[in-house]
Amino acid sequence: MSIAQNLQCITAQLPQGVRLVAVSKFHPVDKVMEAYNAGQRIFGENRAQELAAKAPQMPTDIEWHFIGHLQKNKVRMIMPWASTIQSIDSIQLLQLVNKEAARIDHHVNVLLQLHVAKEQTKSGFSIDEVLKAAEEGAFNNLSNVTICGVMAMATFTDDMNQVASEFELVHNTFLSLRDKHFAGNPAFKEISMGMSDDWPVAVKHGATLVRIGTDIFGAREY
Ligand SMILES: *Cc1c(COP(=O)(O)O)cnc(C)c1O
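Definitions and cut-offs
Residues numbered from 1 in each chain as written. Predicted model: local features only at pLDDT ≥ 70, side-chain atom pairs only at ≥ 80, totals over all residues. Heavy atoms only, no water. Near = heavy atom within 4 Å. Polar contact = N/O pair within 3.5 Å; in protein donor to acceptor, adjacent residues only side chain to side chain. Areas by Shrake-Rupley, 256 points an atom, 1.4 Å probe, with all protein chains shown as cover. Helix = DSSP H or I, 4+ residues; strand = E, 2+ residues; numbered from the N terminus. Nonpolar A, V, L, I, M, F, W, Y, C, P; charged D, E, K, R; others polar. Core = buried A, V, L, I, M, F, W, Y, C linked by side-chain atoms within 4.5 Å. Buried < 20%, exposed > 50% of the residue type's maximum accessible area, 1.4 Å probe, protein only. Contact = heavy atoms within 4.5 Å. Pairing = 2+ DSSP bridges. Right-handed = clockwise from strand over helix to strand, strands pointing away. Expected span 1.5 Å × (residues − 1). Salt bridge = Lys/Arg side-chain N within 4 Å of Asp/Glu carboxyl O.

Caption draft 1: Layout of the site of the ligand. Near the ligand, the surroundings consist of Val23, Lys25, Ile67, Met151, Met153, Met195, Ser196, Arg211, Ile212, Gly213, Thr214 and Arg220. Side-chain polar atom of Arg211 to a nitrogen atom of the ligand: 2.8 Å apart, as the coordinates give it. When the ligand is considered free in solution it has 390 Å² of accessible area, and contact with the protein chains removes 92% of it. Elements with a contribution of two residues or more to the shell around the ligand: strand E6 (145-153) and strand E8 (209-212). Of the residues assigned to the shell around the ligand, the class counts are six nonpolar, three polar and three charged.

Caption draft 2: The nonpolar core, seen in detail. Formed by 67 residues in total, the largest nonpolar core has its most connected members in Ile85, Val97 and Ile147. If you tally residues by element for this core, the top one is helix H7 (residues 160-180), at six residues. Filtering out sequence-adjacent residues up to four positions away, Val97 remains in contact with Leu70, Val75, Met79, Ile85, Ile88, Val108, Val110 and Val145. Listed in part, the eight residues of the second largest apolar core include Val21, Leu111, Cys148 and Leu209.

Caption draft 3: Spotlight on the pairing of strand E4 (residues 82-88). Burial analysis of E4 places six of its seven residues in the buried class, the great majority of the element. Relative to strand E5 (residues 108-115), E4 is paired through three bridges, and the arrangement is parallel. Opposite Thr84, over in E5, you have Asn109 as the bridge partner. The parallel pair E4 and E5, bridged by helix H5 (residues 91-103), forms a crossover whose chirality is right-handed.

Caption draft 4: The side chain of Thr173, seen in detail. Structurally, the position occupied by Thr173 is in helix H7. Note on Thr173: relative accessible area 3%, which makes it buried. Setting aside chain neighbours within four positions, we find Thr173 in contact with Leu114, Ile127 and Val130.

Caption draft 5: Representation of H5 within the structure. Along its 13 residues, H5 runs 18 Å from first to last C-alpha, staying within 8% of the 18 Å computed at 1.5 Å per residue. Burial in H5 covers these residues: Leu93, Leu94, Leu96, Val97, Asn98, Glu100 and Ala101. In the stretch just after H5, Asp105 is the one whose phi turns positive, near 55°.

Caption draft 6: View of the pattern of salt bridges. Overall, the coordinates contain twelve salt bridges when judged by the stated rule. The residue Lys31 makes a salt bridge to Glu34 at a minimum N-O spacing of 3.9 Å. In this pair, Lys31 and Glu34 are both assigned in helix H2 (residues 29-37), three residues apart and thus about one turn of the helix distant. Lys31 sits in the partly exposed class, given a relative accessible area of 35%. Here Arg76 and Glu100 are joined by a salt bridge, their closest N and O atoms 2.9 Å apart. Here Glu100 lies in helix H5 and Arg76 lies in helix H4 (residues 75-78), a separation of 24 residues in the sequence. Looking at Arg76, the relative accessible area reads 48%, which means it is partly exposed.

Remember, this is a structural readout, not a statement about activity or role.
In structure tokens form, the structure reads like this:
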């Protein structure tokens, strides 16, 4: 099937209110343009250099989401391009992103990445850490950043019960953060979870953003 057909097939299955991030990492600009021409406007990249190289070659009405581990020395590189940084995994990074956004008079949306998977290699706040940081006021008084919700990846496994329980944990953590620390803040509304192998499960557990690459563009060539 073509990229346009893949997109259509996925978006037809997404409930209202769930948005698709087309993960274009490792795919060349002409493939990304195929998705754009089929109407897709939100794209996700996980490497700073790749985003900074691709974004200037693409139409300006694209919403670029940064979804990979962000090194501190790469924040400046992506700042002009990212409308949302989904992968905020420390308070230090959050503060640096705020500072760099202010430096170029820019505003950026961010998500707090939660670590719920079994693999230690996946980054993010533990549930305890994120709740404690919220308690301590770490998410207050950020002039150039809006915290819009949470992001997570499930364990890479065929066990969909495991995956479902991790997504449920993300959902519950989102709810406690929203009700205790972001009450009255309508911007805090996003749960980004679900990839090619598990997005239907994520949607069942409250995802508002799904991040899909392979099912749209095919396998990546590393
Ligand atoms: C690559 C990537 C995806 C997309 O994965 P697919 O399995 O190709 O759909 C989603 N989220 C993150 C954080 C990724 O790095």
